[in-house]
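So you can see what is in the structure, the chains are spelled out below.
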Amino acid sequence: MHELFHPILANSEEKAALQKLIFALDGSGKRYFLRNEILQAFSQYCHQAQKPTYFYHSSSVGKLIQYTHEIILAEDSIWFVVRPKIAHQEVWRLTSDFTQFDFMPPQALLDVSDRLVNASEPNILEIDLSSFYEASPSISDSRNVGQGLAFLNRYLCSQMQADPHYWVELLYLALRGLNYDGINLMIGDAIPSGIDLAKQIHQAIKFLSGLHPEEPYEKFYIDLQKLGFEPGWGNTAGRILETLNLLDRLIDSPQPAILEAFVARVPAVFRVVLVSIHGWVAQEDVIGRDETLGQVIYVIEQARSLENKLQQEIKLAGLEVLGIQPHIIILTRLIPNCEGTYCNLRLEKLQDTDNAWILRVPFGQFNPEITDNWISKLEIWPYLETFALDAEKQILAQFQGKPNLIIGNYSDGNLVAFLLARRLKVTHCNIAHSLEKPKHLFSNLYWQNFEEHYHFSVQFTADLITMNAADFIITSTYQEIFGTPDSVGQYESYKFFTMPHLYHVVDGIDLFNPKFNMVPPGVNEQVFFPYSQADRNSHLTNNVQDLLFHRQDSHIFGHLDQPHKPPIFAVTPITSIKNLTGLAECFGKSQELQERCNLILLTSKLNLDEKTNPEEAREIQKLYDIINHYHLHGHIRWLGLRLTNKEVGEAYRLVADYRGIYVHFALFEAFGRSILEAMISGLPTFTTKFGGSCEILEDRDDGFQINPTDLEGTAKKILAFFQQCDTHPEHWEEVSQWMSQRIHQKYNWQLHTSQLLALTKIYSFWNFVSPEKTEARVRYMESLFHLIYKPRAEQILAKHMGH
C-alpha cells in the first residue's frame, strides 16, 4: 500500500480530498465506520466537489477508499483497515496532521478499538495461533484456497519424491495400521516393512495377472494372504490388480492423481458420527425448527448418502466376506417434552437406510424445567461438555467400537465433535454452515451489550476452538473462507478481533492452511426434480396447487384476483435476515411487477400468536403492514404452513408450470438450500449478492444476482427477465434447463460424499505422518476451552438454575 499513500500525501488535491472526507466522517459524531459508510461518504464528497468520475475510481485516494473496510477516528490519529487484495488485511495509522502513514500490527488496532468503548486493558489476554501454523505447508495463491485436498496430494507426492525410502515406510505403516475390530486389512504380519511391501506387490501382480479379471476374491484370498495381503484390496482379481498397480506406481513415481486414486480405494472409514445438537432432529413432518431446518435436512441427507457410498466402497474392497457394513449415527439431544414428536425416542432408524440411526442423548438434569424442553441455540452452551461425555459412552456401545470420523455441524455441534474426537482420537471434520460473528455488525466490540441474549463470548470462543482443532473444514462456498473483493469472508472475520475485557485475537486462523475444502452439499433428487419430469404425482399436484392458489384456511392469507399470472415465489423462515418484508416491499413499490406477476410466500408462520421470539413478531407485523400499505390484496398469497418435503418440491414445480420465478431476498446468505431446490426444479432463480449463494450462479451473468437493499434495481432486473421472455419465448425454458443442469452436475450428494471420504482418508494419513503439527495447537485449544469457554458457559448455567 506504500505506492498509494505516498502520492496521496504528496498531491495537494488528493490530500485535501482525504482531509475533507475525514472531516465529514468526524462531523457525524461517530468514531467507527464500515466500508459502505466510507464509500457513501466519499461518493458524496466527489459529487459535491464536482470531481470527475476517474477521481472516485482511479485516483490514489479513490483506490485507498475502495480498499478500506474500516476507519476509526481516534483522539490523535486516523486508523485504516485496508484490504488491498482478498484475504489480506493491513492496519495503517495516519497522523492527525495528515503528514505520515504508518504500518501497524493488529494489536495496536485492537487497543484503539477497546478505547472506543472505554475498555482499555494493557494486560488483556492475546490469542495468537500463528506460531502453530508456521511449520505447516501453506497455500500461496488465494485462488487455490478451499482446495486443500488437491494441495495436500501435491505436497505429499513432492515429499515422497524427495525422500522415497522414508515415505514408503510411512505409507506401509499407515496401511499396516488399518483394521476393523481387530481384523487386519490390506497388509498382514507376513510383510514386515515398506521395502518388503514393494517386493511383495510385484509378486502379487504376477499372480493376479494369471487370473481372469472377474475371478471373485473368495476363490483366491488364501494365495494372497500367503503373500501378506489381507482383505481390502478389491472384490475381484481385476480390481485388486488395479489397486496394487496404483500403489506400485505411487511408490515408483508419486503423482497427485495416482495418490488420489489409490487413497479413494483404501477401506478406512466404516463408522461415522454426524453431530447436530440443538434442532428437532427427526424425520419428515418434524424436521428441525425454523432456525435449524436447513441444517437438519443437510445432516439427514448426508447420512443417507454416506451409507450408500460406504456400502459401495466396502463391496468393491471385497470386505463383504467379513460381514462388514457401514454404520452411521446422527448424534443429537433427546428432548423429553417433545410436543408429540419422536424427539424423546433414544434410537430411531433413519428411513431408507440399512444401518443409519438417530441417536438421542439427553442433557444432564441441571434444571428439568429447561433441559426437558427444546433449548434455543443461543442458550445451549452449558450442557455440551456433559452431553459429549454421556454421548461418548452411548456411541461406543452402539458401534461396539470407535468411529472413524466425527463431523460437527454448527458451532455447538462442532464443540461436541471436538471433545469427542479428542477423547476418542479420531478424525474431526468441521462444518460451520454459517458463522454468527459476521452476521451481526460490531457483535465482538459490543459483545457485553448483547451477552444477556446472544452469549457471543461463548459462541465466538467455541468457533475459535473448533475451527483450529478440526483436522479439516468443509465449506459450501469460497465466500465462507475469503469473502469477495468487496466483503470479508466468514472465517476471515476471525483473523483478528477484540472482545473488550475478555481477550484480543491477534491471529485467530490461518486462512491459507490446506485444512479448508469447498465441498458443497447436494439436494434430494428423489424429492426435488425438474417440473418437466413425466412421472409427477397427480394427487400431490392437485393438493399443492389448491394450497398455493385457491384454498382458504386460517394459516393462509390472501387471494389472487388473477391466479394465472406467473408467480414470484419465496420459501423461507420469518426472520429479519431472510428479509421477506424487503421482497414484499419491492413488489409493492413496483406497479409493473404487480401487473405482471403474483407474489406467493411460503413460511412456517403467519399469525402473531405463533411467534417464538420478538423478532418473529416484528417481521410478521411488518409484513402485514406492507401488504396493507401497498394495497397488495388480490396480488399476494402468504402460506404459514409447515409442508412436507414432497409438498415443497411440488410447489417449486407448480410455480415453474406457471412460468414463474424464485427469489431469495436475504440480506445475507451463507449458501441457501432452497436455492438448490428451486433451481433443480427448473425455476429461474434470483439470489442475493451478499454471501456465498451467488456462487451457485457463478457461470451465469449477474442478471440473476440481486441487491436486497436496492428495491428499485431488483424490480428492474426481474422485469427485464420477463421482458426478455416476451421477446424470446424460448428464454424462460433455456434459463430453466441451465439452472436445473447446473445443480444436477455440481451440487449432488454423490459428489459431496466421495469428496468427504477422500478428505477423511488423506487428512487421517496426514495426521499419522505429522502428528507434531497438530498436537500443540489442539492442546492450546483445550486451554481456551477450560480457561475461557467453561467459565463463561457456567455463568449461563447459573442463570438457568435460578430460572
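About the cut-offs
Residues numbered from 1 in each chain as written. Predicted model: local features only at pLDDT ≥ 70, side-chain atom pairs only at ≥ 80, totals over all residues. Heavy atoms only, no water. Pairing = 2+ DSSP bridges. Helix = DSSP H or I, 4+ residues; strand = E, 2+ residues; numbered from the N terminus. Axes fitted to C-alpha atoms, helices over the stretch in contact; angles between N-to-C directions. Contact = heavy atoms within 4.5 Å. Phe/Tyr/Trp six-rings, centres within 6.5 Å; stacked < 30°, edge-to-face > 60°. Buried < 20%, exposed > 50% of the residue type's maximum accessible area, 1.4 Å probe, protein only. Salt bridge = Lys/Arg side-chain N within 4 Å of Asp/Glu carboxyl O.

1. Overview of the sheet that holds strand β9 (residues 271-275)
Here comes step 1: Ordered in space as β11-β12-β10-β9-β13-β14-β15-β18, the eight strands form an open sheet in which the pairing is mixed. Every interior strand has two partners, whereas the edge strands, β11 (347-349) and β18 (516-518), have only one. When strand polarity is set aside, the average angle formed by the axes of neighbouring strands in this sheet is 25 degrees.
Here comes step 2: Of the strand pairs in this sheet, β9 and strand β13 (residues 405-409) are connected by four bridges, and their pairing is parallel. Note on β13: the bridge partner recorded for Val272 is Leu405.
Here comes step 3: Across the face of the sheet, helix α17 (residues 410-424) comes into contact with β9, β10 (327-334), β13 and β14 (427-431) while running at roughly 160 degrees to β13.

2. Regarding the packing of aromatic side chains
Here comes step 1: Scanning all chains against the criterion turns up 50 aromatic pairs.
Here comes step 2: Each ring, one from Phe5 and one from Trp92, has its centre 4.5 Å from the other, and the planes form 55 degrees; the classification is tilted. Here the residue Phe5 occupies a position in helix α1 (residues 2-10), and Trp92 occupies one in strand β4 (residues 88-95), the gap between them amounting to 87 residues. You'll find Phe5 and Trp92 in the same group, each marked buried.
Here comes step 3: Ring plane angle 65 degrees and centroid distance 6.3 Å describe the contact between Phe207 and Phe220, whose orientation is recorded as edge-to-face. Of the two residues, Phe207 sits in helix α10 (residues 194-209) while Phe220 sits in the loop between α10 and α11 (221-226), which places them 13 residues apart along the sequence.

3. Describing unusual backbone geometry
Here comes step 1: Its identity is not glycine, yet Asn118 carries a phi of approximately 55 degrees, on the positive side.
Here comes step 2: Turning to its location among the elements, Asn118 is positioned in the loop between α6 (106-116) and β6 (126-128).
Here comes step 3: Positive phi is not limited to glycine here, since Phe442 has a value of about 60 degrees.

4. Quick word on the pattern of salt bridges
Here comes step 1: Per the stated rule, a full pass over the model turns up 31 salt bridges.
Here comes step 2: The salt bridge partner of Glu452 is Lys799, with a shortest N-O separation of 3.0 Å. In this pair, Glu452 sits in helix α18 (residues 447-454) while Lys799 sits in helix α30 (residues 772-801), placing the two residues 347 residues apart along the sequence.
Here comes step 3: The exposure class of Glu452 is exposed, given its relative accessible area of 57%.
Here comes step 4: For Arg596, the salt bridge is made with Asp726, and the minimal N-O distance between the two is 2.7 Å. Linking Arg596 in helix α23 (residues 591-596) with Asp726 in helix α27 (residues 711-727), this pair joins segments that are 130 residues apart in sequence.
Here comes step 5: Under the relative-accessibility criterion, Arg596 is labelled partly exposed at 24%.

5. Things to note about the sheet that holds strand β2 (residues 68-73)
Here comes step 1: With antiparallel pairing, five strands are arranged side by side in an open sheet as β1-β2-β3-β4-β5. Each having just a single partner strand, β1 (32-34) and β5 (101-104) make up the two edges of the open sheet. Direction aside, the axes of adjacent strands within the sheet are offset by 20 degrees on average.
Here comes step 2: Where β4 lies against β5, four bridges are found, and the strand directions are antiparallel. Note that in β5 the partner of Trp92 across the bridge is Phe103.
Here comes step 3: On the sheet, helix α3 (residues 35-48) packs against β1 and β2 and is oriented at approximately 85 degrees with respect to β1.

Any link to function would need more than the numbers given here.
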